[in-house]
Amino acid sequence: MGIIPFNRPFVTGRELTYIAQACSNNQLSGDGPFTKKCQGWLEQVVGCRKALLTHSCTAALEMSAILADIKPGDEVIMPSYTFVSTANAFVLRGGVPVFVDIRPDTLNMDETKVEAAITARTKAIVPVHYAGVGCDMDVIMAIAERYKLIVIEDAAQGILSSYKGRPLGSIGHLGAISFHETKNVVAGEGGALLVNDPRFAERADIIWEKGTNRKQFFCGQVDKYTWVDIGSSYLPGELTAAFLWAQLEQAEGITKRRLALWDSYHNAFAQLEQQGILRRPFVPKHCIHNAHMYYLIAPNPAARTRVLSALQHAQVGAVFHYVPLHGSPAGQRFGRTAGDMTITTNLSACMFRLPFWIGLEERLAVVVDHVKAALDSA
Ligand SMILES: *Cc1c(COP(=O)(O)O)cnc(C)c1O
């Protein structure tokens, strides 16, 4: 029956054709024709004012931290249950991550805990749309408006998901998307910064291009191209953009196939949830998700350990997810918590993710049987 890996990046078949085209375009550096196609797609489909391709979501978050003008000591409110880059991007500017607990249903930052975490030093809020399921953005945006805070959506997992009809990444002042090979739409390593608030648009171009006004120069707006601000090399080359274009073209189809897989898992575990043996993911009615991952929540940490070791023994690539940042060595050094972290601590110790990739369809039943058997013996 062989090994069932946790992830296997999907390839559409058009990638090499577009890479060959990029090779004959006489431009391999960034901001060429394929970069513009990808950015145009994002601007149209996600509906952001401006999209800039980056070499990762991490890079897009770092650009956001510069745009938000994070200075040493400035506080940034975020969940502890997230990937390290959510916090690291701000710590690099001297910012202090302030971790709040998550909701038990979606594992997203608990929007009712945000206001109590605000101090005179708070500069930004970073909601993370876990598993491509939207955070309660209406509540978060209202708080941000009241306290004049910048909202940066970590929509790394959120491509083609929406909250109340609005695509994730288009709701905050800024958004960040990932095209890492573990995400739905991939470029190997890749990402995008989404700029929704026009006040950040011009500076975003400058930061993207190493702190120069190269963009304005090529648009004929200035007659010299020079160093005007801080920045870095955040743009990917055209080969990456060409690969990504093949994926974006088929993003809707990719999402449909993933949703079918997700539904199969979800139906297969419905009964176990009814019997109180495990908990399945929850998607609020006003959210459309993109089937980024399928996870389950075991009744206790010991049961999760037993399930994971049984699956490992059966060569099924199930894994746990984030080790909460507030307990990590760097999280303790650079950040602090606001309020208790009970739900983060408990649920992160009980959840596990199942193999999830296009092509898994024929073997999904095998995974389900192994999980059921492991939980029976647990
Ligand atoms: C994957 C991920 C990132 C980092 O994305 P990269 O493109 O690998 O830099 C950041 N935040 C979240 C929530 C992620 O899932």
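Scroll up a little and you will see the structure.
Each chain has its residues counted from 1, running along the sequence as written. For a predicted model such as this one, the threshold for reporting local features is a pLDDT of at least 70, and the threshold for listing and counting side-chain atom pairs is 80 or more; totals across whole chains, interfaces and linings nevertheless cover every residue. By convention in this description, side-chain values take in all heavy atoms of the structure and omit both hydrogens and water.

Participant: Looking at this model, I keep getting lost on the nonpolar core. Mind explaining?
Facilitator: Note that soluble globular proteins tend to have their nonpolar side chains buried in a common cluster. We define a nonpolar core as any set of buried Ala, Val, Leu, Ile, Met, Phe, Trp, Tyr and Cys residues linked to one another through side-chain atoms lying within 4.5 Å. Throughout this description, buried means an accessible area under 20% of the type-specific maximum (1.4 Å probe, protein chains only), exposed means over 50%, and partly exposed covers the range between. Among the nonpolar cores identified, the biggest contains 46 residues, and Leu42, Leu53, Ile77, Ile125, Phe179, Leu244 and Leu248 are the most heavily contacted of them. Numbered from the N terminus, helices here are DSSP runs of H or I no shorter than four residues, and strands are runs of E no shorter than two. For this core, the element with the most residues is helix H8 (residues 238–249), which contributes six residues. Both domain 1 (15–249) and domain 2 (251–377) contribute no fewer than three residues apiece to this core. In this document the domain limits rely on a domain assignment from an automatic tool or a database.

Participant: Which parts of the structure should I look at to understand the pairing of strand S9 (residues 191–195)?
Facilitator: Regular strands show a simple pattern: their side chains alternate between the two faces of the sheet. Summarising burial for S9: five of the five residues are buried, a large majority. In S9, alternate side chains face the same way, and those of Gly191, Leu193 and Val195 on one face and Ala192 and Leu194 on the other are all buried. Only strands joined by at least two bridges in the DSSP assignment are considered to pair. When strand S1 (residues 50–54) meets S9, the two strands line up antiparallel, connected through five bridges. Within S9, the position partnered with Lys50 by the bridge is Val195. Note: strand S8 (residues 174–178) against S9, five bridges, orientation antiparallel. Bridging across to S9, Ala176 finds its partner in Leu193.

Participant: Mind showing me how you'd approach the pattern of salt bridges here?
Facilitator: Side-chain pairs of opposite charge can arise where the charged atoms are in close proximity. Throughout this description, the term salt bridge denotes a Lys or Arg side-chain nitrogen within 4 Å of a carboxyl oxygen of Asp or Glu. Counted according to the given criterion, the structure contains 18 salt bridges. In this structure, Arg166 and Asp138 form a salt bridge, with 4.0 Å as the shortest nitrogen-oxygen distance. Highlighted residues: Arg166 in strand S7 (residues 166–167) and Asp138 in helix H5 (residues 137–147), separated in sequence by 28 residues.

Participant: When you look at the packing of aromatic side chains in this model, what are you seeing that I'm missing?
Facilitator: Aromatic rings considered in pairs are described by the distance between their centres and by the relative angle of their planes. Only Phe, Tyr and Trp rings take part, Trp by its six-membered ring, and two of them pair if their centres are within 6.5 Å. Stacked means planes under 30 degrees apart, edge-to-face means over 60, and tilted covers everything else. Counted according to the given criterion, the structure contains 12 aromatic pairs. Consider the rings of Phe217 and Tyr225, whose centres lie 5.9 Å apart with planes at 25°: the pair is stacked. Here Phe217 falls in the partly exposed class, since its relative accessible area comes to 33%. Residue Tyr225 is classed as partly exposed on the basis of its relative accessible area, which comes to 44%. Aromatic side chains Trp262 and Tyr294 sit 5.3 Å apart centroid to centroid with 70° between the ring planes, which places their arrangement in the edge-to-face category. Here Tyr294 lies in the loop between strand S10 (287–288) and strand S11 (295–297) and Trp262 lies in helix H9 (residues 251–268), a separation of 32 residues in the sequence.

Participant: Would you explain the packing of helix H2 (residues 33–45) against H8 in this entry?
Facilitator: What describes two packed helices is the angle between their axes and the distance between those same axes. Interaxial angle, 0 to 180 degrees, is taken between N-to-C directions of lines fitted to C-alpha atoms, where a helix line uses only the stretch in contact. In the contact formed by H2 and H8, the axes pass within 8 Å of each other and the chain directions differ by 40°. The angle between H2 and H8 places the two elements in the oblique class. Between H2 and H8 the crossing geometry is left-handed. Contact residues: H2 offers Pro33, Phe34, Thr35, Lys37, Cys38 and Trp41, while H8 offers Glu238, Ala241, Ala242, Leu244, Trp245 and Leu248. A per-class count over the contact of H2 with H8 returns nine nonpolar, one polar and two charged. In what follows, roughly perpendicular refers to angles from 65 to 115 degrees, roughly parallel to angles under 35, roughly antiparallel to angles over 145, and oblique to any angle outside these ranges. A clockwise turn of the near helix away from the far one marks a right-handed crossing, whereas an anticlockwise turn of less than a right angle marks a left-handed crossing. Residue contacts are defined here by distance: any two heavy atoms, one from each residue, within 4.5 Å place the two residues in contact. Under the scheme applied, nonpolar residues are Ala, Val, Leu, Ile, Met, Phe, Trp, Tyr, Cys and Pro; charged residues are Asp, Glu, Lys and Arg; polar residues are all the others, including Gly.

Participant: Teacher, can you tell me more about the site of the ligand here?
Facilitator: Here a residue is considered near a molecule or strand provided that any single heavy atom belonging to it is located within 4 Å of it. As a matter of local geometry, the ligand sits amid 14 residues, with Thr58, Asp154, Gln157, Ser178 and Lys183 nearest to it. Throughout this description, a polar contact denotes any pair of N or O atoms lying within 3.5 Å of each other; where both atoms belong to protein, one of them has to be capable of donating a hydrogen while the other can accept it, and for residues adjacent in sequence the pair is counted only when both atoms sit in side chains. Cys57 is positioned with one of its backbone polar atoms (N or O) 2.8 Å from an oxygen atom of the ligand. Here the Shrake-Rupley method, with its probe set to 1.4 Å, supplies the accessible areas, and only the displayed protein chains count as covering residues. In isolation the ligand exposes 380 Å². Once the protein is present, 92% of that is buried. Along the lines of polarity and charge, the residues of the shell around the ligand split into five nonpolar, seven polar and two charged.

Participant: Quick question: what am I supposed to make of the sheet that holds S9 here?
Facilitator: The strands that make up a sheet pair up through hydrogen bonds in the backbone, lying either parallel or antiparallel. Pairing in this open sheet of eight strands is mixed, and the strands run S1-S9-S8-S5-S4-S2-S3-S12 from one edge to the other. On the outer flanks of this sheet lie S1 and strand S12 (336–337), each paired with one strand and no other. Across three bridges, the pairing between strand S5 (residues 150–154) and S8 is parallel. By the bridge assignment for S8, Ile152 is matched with Leu174. Together, S1, S5, S8 and S9 form the strand contacts of helix H3 (residues 57–67), whose direction differs from that of S8 by roughly 165°.

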